[in-house]
2 protein chains.
Amino acid sequence: MNEPRLVMGIDPGLTRCGIGVIAVSPGARVRLVHVAVIGTPVSAPIGDRLVDLERQLMALMQAYPPQHVAVERVFSQHNTASVIDTAQAAGVATLVAARQGIPVSLRTPTEAKAAVTGSGRANKAQVTAMVMRILAVTETIRPADAADALALAITEAWRGDAQRRLVSASRGGR
Amino acid sequence: MNEPRLVMGIDPGLTRCGIGVIAVSPGARVRLVHVAVIGTPVSAPIGDRLVDLERQLMALMQAYPPQHVAVERVFSQHNTASVIDTAQAAGVATLVAARQGIPVSLRTPTEAKAAVTGSGRANKAQVTAMVMRILAVTETIRPADAADALALAITEAWRGDAQRRLVSASRGGR
């Protein structure tokens, strides 16, 4: 029962997709397990890119089997040329996890920034610095997609647990 | 060599996804093979919806193995609440086809309207009427998602062939 559980955060993208895996043990600090930025060739047809991303995500979920996955929520107000690509990458990440029965939470960037820094308006450097401090790593985590993925995983570990405890308490469980 | 080939059009959506399959034979009219609107429960978690959609699309591609799939292109300018859902549904459709090695074309609604009616600004009733006439079906095709999916398939059959012939001619092939 005291085995650490793995939580994976995913900052979705077809060109750059941040992946962060942390270990969560009751009563202990969260710990860095793996961090990576994967991607697919910009020049490849969209179908090939989605298949490639799916394959890489499946390999990572096999290597570091998460008990929970947190994917950054994509908003249509992000009216950039890449929002469709980002939404599709987030969809593939959600699909791959759900197909294996792994619960998926969608978390907003504001929520992740607030969870790790205390402010939903923190900048990228502040998020990276706090992620490093929380995970007690000294080597700078780069690029921002990698730090963002870890921030999502940390948010899930902290908020998800708190939310589950509240649900449990309100149902009279412990 | 004169076996008809199947072309599948997909009007993507998580709640309503139109699927149209037509048979294309050299020198003959395109023919209706199958038309359906599939969907997933609005109340289900996004992961379950994507898995459900993937399963239904795989079953349809197995039942009516297409040699080409045309998916409606999603634009971020469609700034509606559902654009992310639509983009993710389109992504799953593209992924499922590409994973099986089936070529996928993304076609705009304007392109499909222009191909079947002659005008990129045709309304839904005009598109449905022309799709019925082209396929020589007398029973009204409903809902609009079903007619749109067939319009995409017809567009692919006509334009795709013409485009491939042009490429072939410019390469000195026949």
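For the structure itself, consult the block above.
Residues numbered from 1 in each chain as written. Chains lettered and ligands numbered in written order. Predicted model: local features only at pLDDT ≥ 70, side-chain atom pairs only at ≥ 80, totals over all residues. Heavy atoms only, no water.

A. Just the pattern of salt bridges, in detail. Scanning the model with the defined rule gives 14 salt bridges over all chains in all. With its nearest N and O atoms 2.6 Å apart, the salt bridge here joins Glu54(B) to Arg99(A). With Glu54(B) in helix α1 (residues 46-63) and Arg99(A) in helix α2 (residues 83-99), the pair connects residues from two separate chains. Arg99(A) gets classed as partly exposed once you look at its relative accessible area, which sits at 32%. The partner of Asp52(B) in a salt bridge is Arg55(B), and the shortest N-O contact between them spans 2.7 Å. Remark: Arg55(B) and Asp52(B) occur in helix α1; sequence separation between them is three residues, near one turn of the helix. A single network of salt bridges, built from pairs that share partners, joins Glu54(A), Arg99(A), Glu54(B) and Arg99(B). (Salt bridge = Lys/Arg side-chain N within 4 Å of Asp/Glu carboxyl O. Helix = DSSP H or I, 4+ residues; strand = E, 2+ residues; numbered from the N terminus. Buried < 20%, exposed > 50% of the residue type's maximum accessible area, 1.4 Å probe, protein only.)

B. Local environment of the pairing of strand β3 (residues 31-38) of chain A. Residue and element names in this part refer to chain A. Summarising the sheet, strand β2 (residues 17-24) and β3 pair through seven bridges and their orientation is antiparallel. Its bridge partner lying in β3, isoleucine 22 is registered against leucine 32. As consecutive antiparallel partners, β2 and β3 are separated by six residues, and within that stretch glycine 27 has a phi angle of approximately 75 degrees, a positive value. (Pairing = 2+ DSSP bridges.)

Treat this as a map of the structure, not an account of what it does.
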